[in-house]
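# Examining the three-dimensional arrangement
Here is what each chain is made of, one letter per residue.
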Amino acid sequence: MMLRRVLTAAVAGIALTACSVTANQSPPQERVVTLVTHDSFTVKPELLEAFKAETGITVKPLASGDAGELTNKLVLTKGNPIGDVAFGVDSTFASRALAEDVFAEHASAEADKGAQRYRLDPPNRLHAVDVGDVCVNVDVAALQDEGEPRTYADLTDPKYRDLLVVQDPATSSPGLAFLLGTIAEFGESGWQEYWTKLKANGVKVVSGWEEAYTQDFSGSSGKGSRPIVVSYASSPSAEIGDDGAPRTKALLDTCYRQVEYAGVLNGAKNPEDARKVVDFLLSERFQADVPEQMYVYPSREGVALPEAWTKAAPLPEEARTLPADRVDANREQWVAQWRSLVQG
């Protein structure tokens, strides 16, 4: 009887000890990577779910305005970053983010599959995720009488008076890219004269891409009054008519190359998993989804584009660019000069 009591007490003691250990243990912590993005970032939920199933990492997107707003937030919060990874800093703002030491070094093996073509700095703090050339787009049917323009200079022809709508470079990433394209085309000595001619020819300026393309442009859903708009080389792929032909066209002689980058943020709470998320953004499965989700071209080589893009949205073989450090040094001055000239 005594032996039975001793055994019972011993078992009870073991059970209590086990319960005490279990109670004191913290549950496994969820692995979350906050991905700070611009407002146009979209991804299929099943891609993120598959990534989580393979790695245990939950990707939490945090929209933070357009490319300019995103860059400003990253700079202002670099001492206490609002996320672990950032995507959407583009080539017009990247030099500022690099100068402010916003991003950490990360040598991604996935970058060797094409992203390195657009590398900005040897330490590999930023990796190119997509390319979205900004070009003038036209409504083909609406310009049958005038004929289509081909070049920047053509847009100043009186026959295109009151037909062009552009975005404000102070508030719009494509608007800034178009301004930079005109500076690359006409140089420091000629771009202001060019904009003086555009203004005299009735160019309309609006705050952002959505207003210009969906409200003022005649070739899209807004059915506006202007058949010429600043948009993207890929935009015609979204304007395929019932006959299978695109209703709009991008003028490939008016394109400025805009590259969007991703990187691990300095001071990230979860840098190891953040690096895995950057690798995921450069992976073949994510890159294959980029065209249909965000209407831009993948940075990875060998990724097949949607069939409609072959006819409607070829990537321009040549696009204008300006050195990132030159853009960073002059951006505010150029925008101020543009504002005084066009809106003053």
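For the protein chain, the name recorded in an unreviewed UniProt entry is Thiamine transport system substrate-binding protein, with Saccharothrix algeriensis as its organism.

As a further point, take empty space enclosed by the protein. One simple way to see leftover space: roll a probe sized like a water molecule over the atoms. On inspection of all chains with the given rule, the structure shows one cavity of 30 Å³ or more. Here the largest cavity is characterised by a volume of approximately 30 Å³. Taken together, Glu 110, Lys 113, Gly 114, Ala 115, Leu 282, Gln 287, Ser 299 and Arg 300 make up the lining of the largest cavity. Residues of the lining of the largest cavity, tallied by class, amount to two nonpolar, three polar and three charged.

Below, the discussion takes up the nonpolar core. Counting 53 residues, the largest nonpolar core has Leu 74, Phe 87, Phe 103, Leu 281 and Phe 286 as its most contacted members. At six residues, helix α8 (residues 271-282) tops the list of elements feeding residues into this core. Those residues in contact with Leu 74, other than ones at most four positions away along the chain, are Val 36, Ala 86, Val 89, Val 102, Phe 103 and Leu 265. Leu 176, Leu 179, Tyr 232 and Val 335 belong to the second-largest nonpolar core, a separate cluster that totals 34 residues.

Before going further, it helps to examine the sheet that holds strand β7 (residues 204-206). Judged by pairing direction, the sheet is mixed, and its five strands sit side by side in the order β7-β6-β8-β5-β9 without closing on themselves. Two strands close off the open sheet at either side, each with one partner strand: β7 and β9 (248-250). Strand-to-strand, the axes of this sheet are offset by a mean angle of 35°, without reference to chain direction. In terms of strand pairing, strand β6 (residues 164-167) meets β7 through three bridges, oriented parallel. In the strand pairing of β7, Val 165 is matched with Lys 204. Its contacts with the sheet place helix α5 (residues 173-186) against β5 (134-139), β6 and β8 (228-232), and it is angled at close to 100° to β5.

This next bit is on the layout of surface pockets. The computed volume of the largest pocket comes to approximately 860 Å³. Put simply, the parts of the chain that give the lining of the largest pocket at least two residues each are α3 (67-76), α5, α7 (209-216) and α9 (284-294). Counting residues per element, the lining of the largest pocket draws most heavily on α7, which supplies five residues.

Criteria and cut-off values
Residues numbered from 1 in each chain as written. Predicted model: local features only at pLDDT ≥ 70, side-chain atom pairs only at ≥ 80, totals over all residues. Heavy atoms only, no water. 1 Å grid on protein atoms, 1.4 Å probe; cavity = no way out; pocket = protein on both sides within 12 Å on 5 of 7 lines; lining within 4 Å. Points joined across faces, edges and corners; volume = space filled by probe spheres on them. Nonpolar A, V, L, I, M, F, W, Y, C, P; charged D, E, K, R; others polar. Core = buried A, V, L, I, M, F, W, Y, C linked by side-chain atoms within 4.5 Å. Buried < 20%, exposed > 50% of the residue type's maximum accessible area, 1.4 Å probe, protein only. Helix = DSSP H or I, 4+ residues; strand = E, 2+ residues; numbered from the N terminus. Contact = heavy atoms within 4.5 Å. Pairing = 2+ DSSP bridges. Axes fitted to C-alpha atoms, helices over the stretch in contact; angles between N-to-C directions.

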